[in-house]
Amino acid sequence: MAIRTMEPSGQCDNEPGAAEAALPELLAPAGGLDQMLAAIAAGADAVYAGLGGFNARVSAHGFTDDEFLRGCVVAHAHGVRVYVTLNVFVFDDELADAVALGAHAHELGADALIVADAGLACALRAAIPGVEIHLSTQAGVHSEGAVRLAADELGVERVTTARELAVDEIAALCATGVPIEVFCHGAICIGYSGACEFSALRRGRSAMRGDCTQPCRLAYDLVDETGESVVSVEGDRLLCPRDYLGIAHLPELVGAGVASLKIEGRMKNPDYVFNVVRVWRRALDMLRDGAWDAAAVSVLERELGRSFNRGFTDAYLRGRSGAELMSFERAINQGVRVGHLVTVGHEEVTVELDAAVAAGDTLEIRFYPGADARPDVPKRWPQVPCPVDAAAGERVVVHCKRKVDAGCEVYLIRSAGVLEQTADVLEHMRVEADAVVPVARAVEMLPSEGAVTVGDVPEAALTEPTEKGASVRMVFAWQLMDADPCGERDLSDATVVLDEVCRAADASRTRSLMRRAGRVVCRNLGQVAMARELGVAFDVAAPVFCANRVTLAWLRGLGAGRVYLPVELVADDAERVAELVADDAERVAELAACPGVLGPVDANRPGLMVCEHCLLTAEGVCATDATGQVRCRDCLRRRQVRYLVERDGTRLPVAIDACGRTRIFLS
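Residue indices follow the written sequence of each chain, beginning from 1 at its first position. The predicted origin of the model limits local features to residues at a pLDDT of at least 70 and limits the giving and counting of side-chain atom pairs to 80 or more, whereas totals for whole chains, interfaces and linings rest on all residues. By convention in this description, side-chain values take in all heavy atoms of the structure and omit both hydrogens and water.

*Asks:* Help me understand the overall build of the protein chain, please; the structure alone is not making it clear to me.
*Replies:* Broken down by element type, the protein chain carries 17 helices and 29 strands. Burial status across the protein chain gives 58% buried among its 667 residues. The contact criterion used is simple: two residues touch if any of their non-hydrogen atoms lie within 4.5 Å. Considering only intrachain contacts with a sequence separation of at least 6, the fraction spanning at least 24 residues in the protein chain is 70%. Strands are runs of DSSP state E lasting at least two residues, helices are runs of H or I lasting at least four, and both sets are numbered from the N terminus onward. Three labels apply to residues, based on accessible area from a 1.4 Å probe with only protein chains included: buried if under 20% of the type maximum, exposed if over 50%, partly exposed otherwise in between.

*Asks:* Where do I start with the confidence of the model for the protein chain in this structure?
*Replies:* Should pLDDT be low for a region, the predicted coordinates there are not to be read in detail. Summary of the metric used: pLDDT quantifies the predictor's per-residue confidence within the range 0 to 100. Of the residues in the protein chain, 87% reach a pLDDT of 70 or more, and the chain-wide mean stands at 89. The low-confidence segment residues 1–19 (pLDDT under 50) makes 45 contacts with residues lying over four places distant or belonging to another chain. Segment residues 573–578 is flagged for pLDDT under 50; beyond a separation of four residues in sequence, or across chains, it makes 12 contacts in the model.

*Asks:* Got a minute to help me understand helix α15 (residues 549–558) in this structure?
*Replies:* Side chains that are three or four residues apart share a direction in an α-helix, a result of its 3.6 residues per turn. Extensive coverage of α15 is indicated by the burial of nine of its 10 residues. Of all the residues in α15, the buried ones are Arg 549, Val 550, Thr 551, Leu 552, Ala 553, Trp 554, Leu 555, Arg 556 and Leu 558. Two N or O atoms count as a polar contact when they lie within 3.5 Å, although within protein this holds only if one can serve as hydrogen donor and the other as acceptor, and sequence-adjacent residues are included solely when both atoms are side-chain atoms. Capping the start of α15 is the job of one residue whose side-chain oxygen sits 3.1 Å from the backbone nitrogen of Val 550: Asn 548. Just past α15, the residue Gly 559 takes up positive phi, approximately 115°.

*Asks:* Hey, could you run me through the pairing of strand β9 (residues 180–186) in this one?
*Replies:* In summary, the side chains of a regular strand alternate between the two faces of the sheet. Counting buried residues along β9, seven of its seven residues qualify, which places the element largely inside the surrounding structure. For strand β8 (residues 158–160) and β9, the ladder comprises two bridges, and the chain directions are parallel. Note on β9: the bridge partner recorded for Val 159 is Ile 180. Of the strand pairs in this sheet, β9 and strand β12 (residues 260–263) are connected by four bridges, and their pairing is parallel. Looking across to β12, one finds that His 185 is bridged to Ile 263. Relative to strand β11 (residues 243–245), β9 runs antiparallel, the two being bridged by two bridges. Note on pairing: DSSP must find at least two bridges between two strands before they are called paired.

*Asks:* Would you mind showing me how to read the packing of aromatic side chains here?
*Replies:* For any two aromatic rings, the description comes down to two numbers: the centre-to-centre distance and the angle of the planes. Stacked, tilted and edge-to-face pairs are distinguished by plane angle, under 30 degrees for stacked and over 60 for edge-to-face with tilted covering the rest, among Phe, Tyr and Trp rings (Trp via its six-membered ring) whose centres lie within 6.5 Å. Under the defined criterion, the tally for this structure stands at five aromatic pairs. Centroid distance Phe 63 to Phe 68: 5.6 Å. Interplanar angle 80°. Geometry classified as edge-to-face. Considered together, Phe 63 and Phe 68 belong to a single accessibility category, that of buried residues. Ring geometry for Tyr 368 against Trp 381: centres 5.5 Å apart, planes inclined by 70°, an arrangement best described as edge-to-face. Of the two residues, Tyr 368 is situated in the loop between β16 (362–366) and β17 (383–385) and Trp 381 in the loop between β16 and β17; the sequence distance between them amounts to 13 residues. Taking the relative accessible area as the measure of exposure, Tyr 368 reaches 38% and is therefore partly exposed.

*Asks:* Looking at this structure, how should I read the sheet that holds β17?
*Replies:* The pairing of strands in a sheet comes from backbone hydrogen bonds and takes either a parallel or an antiparallel form. Taken together, six strands build an open sheet; the order of strands is β17-β16-β19-β14-β15-β18 and the sheet is antiparallel. Edge positions in the sheet fall to β17 and β18 (395–399), since each has one partner strand and no second. Taken pair by pair, the neighbouring strands of this sheet meet at an average axis angle of 40°, ignoring direction. Axis definition: a line fit to C-alpha positions, over the contact stretch in the case of helices; interaxial angles, taken between N-to-C directions, run 0 to 180 degrees.

*Asks:* Any chance you could explain the sheet that holds strand β29 (residues 662–665) here in plain terms?
*Replies:* Judged by pairing direction, the sheet is antiparallel, and its five strands sit side by side in the order β10-β27-β28-β29-β26 without closing on themselves. What marks the edges here is a single partner per strand, and that holds for β10 (221–223) and β26 (607–611). Between one strand axis and the next, the sheet turns by 25° as a mean value, whatever way the strands run. Pairing between β10 and strand β27 (residues 642–645): three bridges, direction antiparallel. Of the residues in β27, the one forming a bridge with Asp 221 is Val 645.

*Asks:* Which parts of the structure should I look at to understand the environment of Glu 409?
*Replies:* Here Glu 409 lies in strand β19 (residues 409–414). The spacing of Glu 409 and Val 351 is 58 residues in sequence and 9.0 Å in space, taken between C-alpha atoms. When neighbours within four sequence positions are excluded, Glu 409 is seen to be in contact with Arg 337, Gly 339, His 340, Glu 364, Ile 365 and Arg 366.

*Asks:* Please clarify how the pattern of salt bridges should be interpreted in this entry.
*Replies:* Opposite charge on two side chains makes pairing possible when the charged atoms of those side chains draw close. Here, a salt bridge means any Lys or Arg side-chain nitrogen found within 4 Å of an Asp or Glu carboxyl oxygen. The tally for this structure, following the rule as stated, stands at 54 salt bridges. Close ionic contact of Asp 66 with Arg 70 constitutes a salt bridge, the shortest N to O distance being 2.8 Å. A residue pair is termed a helical-turn pair when its members lie 3 or 4 positions apart in one helix, as Asp 66 and Arg 70 do in helix α2 (residues 65–77) at four residues. A salt bridge links Glu 352 to Arg 395; the nearest nitrogen and oxygen atoms lie 2.9 Å apart. One end of the pair, Glu 352, is in strand β15 (residues 348–353); the other, Arg 395, is in strand β18, with 43 residues separating them in the sequence. Exposure remark for Arg 395: the relative accessible area of 53% places this residue in the exposed category. Salt bridges sharing common partners tie together Glu 169, Asp 499, Glu 500, Arg 503, Asp 506, Arg 509, Arg 523, Asp 602, Glu 612, Asp 657, Arg 661 and Arg 663.

*Asks:* Got a minute to help me understand the environment of Tyr 192 in this structure?
*Replies:* Counting through the fold element by element, Tyr 192 comes out in the loop between β9 and α7 (198–203). Spatially, the C-alpha atom of Tyr 192 lies 6.2 Å from that of Val 610, the residues being 418 residues apart in sequence. Among residues more than four places away in sequence, those in contact with Tyr 192 are His 142, Glu 164, Val 501, Arg 503, Val 610, Cys 611, Glu 612 and Arg 661. A distance of 3.0 Å separates polar atoms of two side chains, one belonging to Tyr 192 and the other to Arg 503.

*Asks:* Please explain the side chain of Arg 163 as it appears in this structure.
*Replies:* Looking at the secondary structure, you find Arg 163 in the loop between β8 and α6 (167–174). We count Lys and Arg on the positive side and Asp and Glu on the negative side, and we leave His and both chain ends out. Of the buried charged residues, Arg 163 lacks a salt bridge, with Glu 264 as the closest side chain of opposite charge at 5.6 Å. For Arg 163, the side chain forms a polar contact with the side chain of Ser 193, separated by 3.3 Å. Setting aside residues no more than four positions away along its own chain, Arg 163 makes contact with Thr 137, Phe 183, Ala 187, Ile 188, Cys 189, Ser 193, Tyr 244, Glu 264 and Tyr 316.

*Asks:* What am I meant to see in the nonpolar core here?
*Replies:* Most often, soluble globular proteins keep nonpolar side chains buried together rather than apart. Put simply, buried Ala, Val, Leu, Ile, Met, Phe, Trp, Tyr and Cys residues joined by side-chain atoms within 4.5 Å make one nonpolar core. Residues Phe 68, Ile 247, Trp 280 and Val 496 are the most contacted members of the largest nonpolar core, which totals 171 residues. If you tally residues by element for this core, the top one is helix α9 (residues 270–288), at 11 residues. Val 496 has contacts with Val 475, Ala 477, Leu 480, Leu 491, Leu 513, Ala 517, Arg 519, Val 520 and Val 521, leaving out every residue within four places of it along the chain. Core analysis: the second largest hydrophobic core is formed by 21 residues, Val 351, Leu 353, Ala 355 and Ile 365 among them.

Below, the structure is given as structure tokens:
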């Protein structure tokens, strides 16, 4: 059987190397037992779930021990693997509890643990013989060097990459031979995962601790130095991306050799999990059976649109990150278009359908005032029930009391059919789960003295590094792209703070900086791998996140000198981060007392977020050169002062680097 790859244009071609490619695992989210059962019934190969408090979705419903054990038994009976997320960063006094939770999850039936904290990974590896560990996307893996470092130095069996990577970058990571897991569907964080302290520094709740307040979904303005708004797009959700939709790229991802396709959504309802998983299962089966074509993609995408989405984008997979990535107008469910209004009567409208609907579906009518309407005339998007089943091409009359006009588009935002089918499936699956006789499997634990604990870290790993380094002047790499565009400046007297991001396109510039700098501060595992390869002196700083002394010892073992703590751990603005500081102050003080541990590398201008997306696209279409290419380096907008303004009036400085990446800073 030959597997064909589909280019973004929709044309199918036979791609060398894709033939006989093994289908990747389909990995589904499970925020609770019903979601797990729905995923199993829909055809998932594996599910991932949180158990206890050490996971990046602490507000998800979660499982009781009995529910999780029963879910694991049912999953294994269907050949489905179960992974448990322990993907937050932990303090010294939490390591033992986190390891105990990992062992307990393993005992109840978990097949692997998903971890972001290097120290926790080391402790789990020492405490649970044979445990399988996957590195979370929170660890910020963007490059081949980072993948190899994670496999060789942490011993992880799988690496989950950043959502921002394009297909060719993913293929290069797969070529390392380390199993690679990629996101294929669902919500996107606009900031690089693991490199966002926005929620912590502005809301006192840390994304790195599983408690993100989702500031990227809120309303903002973008203003110049006079306070004048420069936004030209419709809408004020300037940091809100659409949802990831990778299904058109499925043949390319399979040909690239990805090990697992991950669906986001541990906060989603069972009907979302059931519908999205079954559509992706059908897509994989079609590919296996040679039934893949452009028409199939259109049908599958429409089916996926029947579940919650903020609009869809495949921009990252195509190497794009402009305005097409964003959902400026709304941060809530967009649904899928099913028709438009052809007539408007008294408290009823007629919809001409271009897709089937069912009785009980919820429809949304999108009314926009005309260009000649008064400025105070609001948009109206009434939601109305569909009264009958109807096919594409038919017309249905729908009750609607609010003001709308002929021509308005109509979207399906809640599918009665999906809800009914999910309910039927869950009724059957719950019977199977209820019949399980709980028998936990035994887990061999090493004696407590054999596990890696803070007390067992060799003292040499925590002492002051012997090489002090004479350089004291600090410069940031992203600023040097403009200040030293040709890479000629002598930096031998400087410590260069490298970027938070280290993708393939960044490698050449990063190597040049390492060779010229007196010392570098690595902020990504890929940079650590590069510094070790070149034999240059390096320190580390967040997003290489260090919250415990086992992680500190691991970083020292790699060759790191100084370790800079993340700004969110040592922020001293009581009003801004009262909760965070109150909870963590004593823990942070203990870590900060270790020799060679320093305060934040960006303490004078704390960064809130770094995004691949250029925020200035909210001002309008980017300028292009004579060849039609966007050249961020030459962009005049970048030279102008810009602030992101929150609803309370707080102005957050914005900088766009020569790569077009956005950095947002604390005011």
